[in-house]
Amino acid sequence: MTYPLLSRIEQPADIRHLSRSELKQLATELRDHLLQSVSRTGGHLSSNLGTVELTIALHHVFNTPHDRLVWDVGHQTYPHKILTGRRDRMPTLRQFGGMSGFPRRDESEYDTFGTAHSSTSISAALGMAQGAQIRGESRRAVAIIGDGAMTAGMAFEALNNAGVPHAGKMPNVLVVLNDNDMSISPPVGALNRYLARLMSGRFYTAARESAKQVLRNAPPLFELAKKLEEHAKGMVVPATIFEEFGFNYVGPIDGHDLDSLIPTLENLRDLEGPQFLHVVTKKGYGYKLAEADPIAYHGPGKFDPAVGLKKPAPGDAPAKPTFTQVFGQWLCDMAAADPRLVGITPAMREGSGMVEFHQKYPGRYFDVGIAEQHAVTFAAGLACEG
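Residues numbered from 1 in each chain as written. Predicted model: local features only at pLDDT ≥ 70, side-chain atom pairs only at ≥ 80, totals over all residues. Heavy atoms only, no water.

Asker: Report on the sheet that holds strand S2 (residues 141–146), specifying residues and quantitative values.
Answerer: With respect to topology, 5 strands assemble into an open sheet ordered S1-S2-S3-S5-S4, the strand pairing being parallel. Sheet topology places strand S1 (68–71) and strand S4 (248–254) at the edges, where each strand pairs with a single neighbour. In this sheet, adjacent strand axes meet at a mean angle of 20° when their direction is disregarded. Here S1 runs beside S2; their pairing, made up of 4 bridges, is parallel. The residue bridging Arg 68 from the neighbouring strand is Ala 141, located in S2. Of the strands in this sheet, S1, S2, strand S3 (173–179) and strand S5 (275–280) are in contact with helix H3 (residues 52–61), which crosses S1 at around 160°. (Pairing = 2+ DSSP bridges. Helix = DSSP H or I, 4+ residues; strand = E, 2+ residues; numbered from the N terminus. Axes fitted to C-alpha atoms, helices over the stretch in contact; angles between N-to-C directions. Contact = heavy atoms within 4.5 Å.)

Have a look at this one:
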């Protein structure tokens, strides 16, 4: 298949000259190119299909690589790699001497931080934002973090730190929460698109800050106005703790709608201080088989996109066991021999080969979310009790 628009994109600067309709066509071409490429090499698929429009919007709005993008759970960066001069290297993805499946600083100036797993992006982006302030440079730092990665304590430690001024100045950092665990609910529509643009705009922000300054002289009125604003927002957006951390929260908006993403990101780009944008995406978006079963298509091997993943037919030679399958069987064998053994996974039961263990020993299986630091220390607490 030919890609008339995508073939012209050698760097993100080429995206910034495209019209909105051309950007939508680019998303279609990019998604198909991604599907065809991963089906030939294997790799992470569902998560990358879900970030196509978000990736395009970020590179269209922000002046990368001068502005820094930090991708959390780095395996969702294939669209980012394709748009940053590495399209021709996709056939070498995750192969010896080929292109990495994760961001690597030594691979591209657009890979601003190495993120092989999760929950480090906000800390890194905050450090970059503070570094720019120290050097007197005008640049933006953006952390793109998934809802799963938000379960780790490190993400909240960074949020807590980002909402505090340093040397009298707030950091210019934007956190984009890529929420792909919930369906796109009715509020993520025309009304919410309008409200997101309104609340991320300069007029709303200026009016809000001016009102704060006036009402601070009358504490009872200030508290009343604060509660009224919280209740008004609560009627159209999910309850959020992020404003308590000092962020200006906007969203949720449809992460596949460029007409919503681009103006909202443009507004947030021009605001001072810590900003938080909540976008809702769908894993596997645009490829029906992956939408229906995002876990199976999370990290598939080679397959035919027209057919999808096929189960072995009767009579086929048995596939060689994977390391994951060997480990999973060993874990069950050890659990049968020793009742003290428990299994802990950081949100990847299938990926860590623990499905059978969970089924056989549900009382000895723990899923703690993507929170490795907690998983290890929790294990130490269990070990203290034998």
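Asker: Mind laying out the side chain of Arg 31, listing which residues take part and the relevant values?
Answerer: Within the fold, Arg 31 resides in helix H1 (residues 20–41). Since its relative accessible area comes to 10%, Arg 31 is described here as buried. Within polar-contact distance, the side chain of Arg 31 engages the backbone oxygen of Leu 49 at 2.9 Å. Setting aside residues no more than four positions away along its own chain, Arg 31 makes contact with Leu 49, Val 52, Glu 53, His 256, Tyr 285 and Gly 286. (Buried < 20%, exposed > 50% of the residue type's maximum accessible area, 1.4 Å probe, protein only. Polar contact = N/O pair within 3.5 Å; in protein donor to acceptor, adjacent residues only side chain to side chain.)

Asker: Let's hear about the nonpolar core: which residues, and what values?
Answerer: Judged by nonpolar contacts, the single largest core of 48 residues is most densely connected at Ile 56 and Leu 58. Broken down by element, this core gets its largest block of residues, 7 residues, from H1. Counting 25 residues, the second-largest nonpolar core is a separate cluster that includes Ala 149, Ala 158, Phe 242 and Phe 245. (Core = buried A, V, L, I, M, F, W, Y, C linked by side-chain atoms within 4.5 Å.)

Asker: Provide a residue-level description of the pattern of salt bridges, including the pertinent values.
Answerer: In the structure shown here, the tally under the stated rule is 17 salt bridges. Measuring nitrogen to oxygen at the nearest pair gives 2.9 Å for the salt bridge that ties Arg 104 to Asp 106. Measuring nitrogen to oxygen at the nearest pair gives 2.9 Å for the salt bridge that ties Lys 360 to Glu 356. Of this pair, Lys 360 and Glu 356 both sit in helix H13 (residues 355–360), separated by 4 residues, roughly a single helical turn. Residues joined in a network through salt bridges with shared partners are Lys 81, Arg 86, Glu 107 and Asp 111. (Salt bridge = Lys/Arg side-chain N within 4 Å of Asp/Glu carboxyl O.)

Asker: Could you give me a rundown of the pairing of S3, with the residues and numbers involved?
Answerer: Taken across its 7 residues, S3 has 7 buried, putting it largely inside the fold. Sheet topology note: the S2/S3 ladder contains 6 bridges and is parallel. Bridge pairing links Ala 143 to Val 175 in S3. Where S3 meets S5, 6 bridges bridge the pair, whose relative direction is parallel. The residue bridging Val 176 from the neighbouring strand is Leu 277, located in S5.

Asker: Quick rundown of the side chain of Arg 139? Include the residues and the values.
Answerer: Inspection of the secondary structure puts Arg 139 in the loop between helix H5 (121–135) and S2. Of note is the side chain of Arg 139, whose polar atom sits 2.6 Å from the backbone oxygen of His 66. Within polar-contact distance, the side chain of Arg 139 engages the side chain of Glu 137 at 2.7 Å. Setting aside residues no more than four positions away along its own chain, Arg 139 makes contact with His 66, Asp 67, Arg 68 and Ala 132.

Asker: Would you mind going over the packing of H3 against helix H10 (residues 258–269) in detail, with residue names and values included?
Answerer: Where H3 meets H10, the closest approach of the two axes is 9 Å, and the angle between their N-to-C directions is 40°. Classified by the interaxial angle, the pair formed by H3 and H10 is oblique. In this structure, H3 meets H10 at a crossing whose hand is right-handed. Touching Glu 53, Leu 54, Ile 56, Ala 57, Leu 58, His 60 and Val 61 of H3 are Leu 258, Leu 261, Ile 262, Leu 265, Glu 266 and Arg 269, all from H10. Looking at the contact of H3 with H10, its residues break down into 9 nonpolar, 1 polar and 3 charged. (Parallel < 35°, antiparallel > 145°, perpendicular 65-115°, else oblique. Left-handed = near helix turned anticlockwise from the far one by under 90°. Nonpolar A, V, L, I, M, F, W, Y, C, P; charged D, E, K, R; others polar.)

Asker: Can you break down a nonpolar patch on the surface residue by residue, with the values?
Answerer: Nonpolar side chains collect at one region of the surface, where Phe 323, Phe 327, Trp 330 and Met 334 lie side by side and expose about 440 Å² of accessible area between them. For Met 334, the location among the structural elements is in helix H12 (residues 323–337). A relative accessible area of 33% means that Met 334 is categorised as partly exposed. (Patch = residues over 30% accessible without salt bridge, like charges linked within 9 Å, V, L, I, M, F, W, Y side chains within 5 Å. Areas by Shrake-Rupley, 256 points an atom, 1.4 Å probe, with all protein chains shown as cover.)

Asker: Give a description of the packing of aromatic side chains that names residues and reports values.
Answerer: For the coordinates displayed, the defined rule picks out 11 aromatic pairs. Ring centres of Tyr 249 and Phe 276 lie 5.9 Å apart, and the angle between their planes is 20°; on these two criteria the pair is classed as stacked. With a gap of 27 residues between them, Tyr 249 in strand S4 and Phe 276 in strand S5 connect regions that are remote in the sequence. This pair shows no difference in class: Tyr 249 is buried, exactly as Phe 276 is. Counting every residue linked through ring pairs, the aromatic cluster contains Phe 242, Phe 247, Tyr 249 and Phe 276. (Phe/Tyr/Trp six-rings, centres within 6.5 Å; stacked < 30°, edge-to-face > 60°.)

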